[in-house]
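The residues making up each chain are set out below.
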Amino acid sequence: MNEYFGKNIRALRKNKNLTQEQFAEALGVSFQSVSRWENCVTYPDVELIPMIANYFNVTTDVLFGIPEENKKSEFRNLMKELRGLGEDETERALQIIRTVRAGYDLNDTFGKLCYSLLYSSAKKTPALTDELRRMSEAFFDGNPSAYEKTYALEHFAKLEDELFIPALLDRYASSNETTIDSLLYKRYLYRDDFEKAEVYRQRKIYKLIDELINGTTGWKDWRAPNDVGFAFWKNNLMLDFLHGLNKEIPTNENPISCGHKPDVFLEQRTFLGQLRTCYLATLGRIEEAYLTLEDTVSLMEQTFAMPDGAVLESKTPVLPTLELKIQKCKAAVYYSFNGGNEQHEVWGVHPSIVYERMTDDPKWAWYKPIRGDERFKDLADRVKKLAE
């Protein structure tokens, strides 16, 4: 037992002119308990140690009388011991966890504790997990740095019981759903649950692809805001990427869909198709613009002909089992991940927005070279009908 703890408790109590009975009453314990602490017979319950430190307005380091350098060294030794524990040494693992909880700043140690426990062979009993969960609440509800929070969350999410995972992510994870997918992927990979891990791997990749395409195809580009040639180059780059990903070859008649039915990249294809039409029209490549717009509108019409609840499938070997389920609502088609209800990301195609872009939206002025043409008006009317 730490010899400094009892001596420091006695010194702090006497400094406040308190008897053992008065101090015991303030904490809600017996004076015999205080006597045993001060005589280095026992420690207080782990929950009482922060209360004692707060009562005397000192840190737990002061209570234990551990110099900072010694404390860091001691913590490193505890983590090394924890990683080396065997399956039958759960009680020692529990002692180490309680020691860290009672005597160390969790902002600096909780993530490292979780990491060490991940690589320990000590059996993960309910008592051990419960103790770790109580520590996690104190840590996450405190004020950890962004780095320590991210580091700790990644490792604690691997250790937490399945029942508590939704609440953990809802309360402490970033609102960035890609981050949540990454955490769950790493969790199930660590637990050798490869079937679940694969689900979140594919979701993560899909959203990264969506972010790449939608994030690089904005109407304005900060480097060349009015350079249609540069914008068209970006459009070609994204379409080449999407077609290559799906192992498909575009044709003159089907430069967007490649002649295939709607798939999980429906929104990305229709958006790239609209942009491509604008760029081609502005560059004077009118016939190519119409072929592109016809393919894009046809893709939308095929989608709206699908029944509510239909599934958009993936053609790329990178996402072999990914499916997105369609839900029609208010002249729009929405779709989200099929087979999961813990996340609610939604993509969609909105004919009313597409129609507005084609006819009135000044941000889409590069449609102007073909807006007065009858063929363009017919295509716009087909989009308008989908919005009714």
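Residues numbered from 1 in each chain as written. Predicted model: local features only at pLDDT ≥ 70, side-chain atom pairs only at ≥ 80, totals over all residues. Heavy atoms only, no water.

Digging into the sheet that holds strand β1 (residues 311-313)
Piece 1. One open sheet accounts for 4 strands, arranged β1-β2-β3-β4; its pairing is antiparallel. One side of each edge strand has no neighbouring strand; the edge strands of this open sheet are β1 and β4 (347-349). Each strand of the sheet is rotated relative to its neighbour by a mean of 30°, with strand direction disregarded.
Piece 2. Two elements, strand β3 (residues 333-337) and β4, share 3 bridges in a ladder whose sense is antiparallel. (Pairing = 2+ DSSP bridges. Helix = DSSP H or I, 4+ residues; strand = E, 2+ residues; numbered from the N terminus. Axes fitted to C-alpha atoms, helices over the stretch in contact; angles between N-to-C directions.)

Let's talk about the nonpolar core
Piece 1. With 51 residues, the main nonpolar core has Y206, F265, Y279, L312, Y335, M358 and Y367 as its most contacted residues.
Piece 2. Here this core takes 8 residues from helix α15 (residues 266-282), the largest share from any one element.
Piece 3. Contact partners of Y206, with chain neighbours within four places excluded, come to V264, F265, Q268, L319, L322, L324, Y335, F337 and W347.
Piece 4. With 38 residues, the next largest nonpolar core counts F75, L128, L184 and Y200 among its residues. (Core = buried A, V, L, I, M, F, W, Y, C linked by side-chain atoms within 4.5 Å. Buried < 20%, exposed > 50% of the residue type's maximum accessible area, 1.4 Å probe, protein only. Contact = heavy atoms within 4.5 Å.)

Notes on the packing of aromatic side chains
Piece 1. Tallied over the full model, the rule gives 24 aromatic pairs.
Piece 2. An aromatic cluster of at least three residues, connected via ring pairs, comprises F110, F139, F140, F156 and Y172.
Piece 3. One cation-aromatic arrangement involves K16 over Y55; the distance from NZ or CZ to the ring centre is 4.4 Å.
Piece 4. Sitting over the face of the ring of F164, R133 holds its NZ or CZ atom 3.8 Å from the ring centroid. (Phe/Tyr/Trp six-rings, centres within 6.5 Å; stacked < 30°, edge-to-face > 60°. Lys NZ or Arg CZ within 6 Å of the ring centre and 35° of its normal.)

Quick look at the confidence of the model for the chain
Piece 1. When pLDDT is averaged along the chain, the result is 88; 93% of the residues meet or exceed 70.
Piece 2. Model confidence for the chain, summarised as mean pLDDT per element, is weakest for helix α5 (residues 60-64) at 74 and strongest for helix α16 (residues 286-305) at 97. (pLDDT = per-residue confidence, 0-100.)

Let's talk about the pairing of β3
Piece 1. In the sheet, strand β2 (residues 323-328) pairs with β3 via 5 bridges, with the strands oriented antiparallel. When the sheet's bridge partners are listed, L324 is paired in β3 with F337.
Piece 2. Between β2 and β3, which pair antiparallel in sequence order, lie 4 residues; one of them, K330, sits at a positive phi of approximately 50°.

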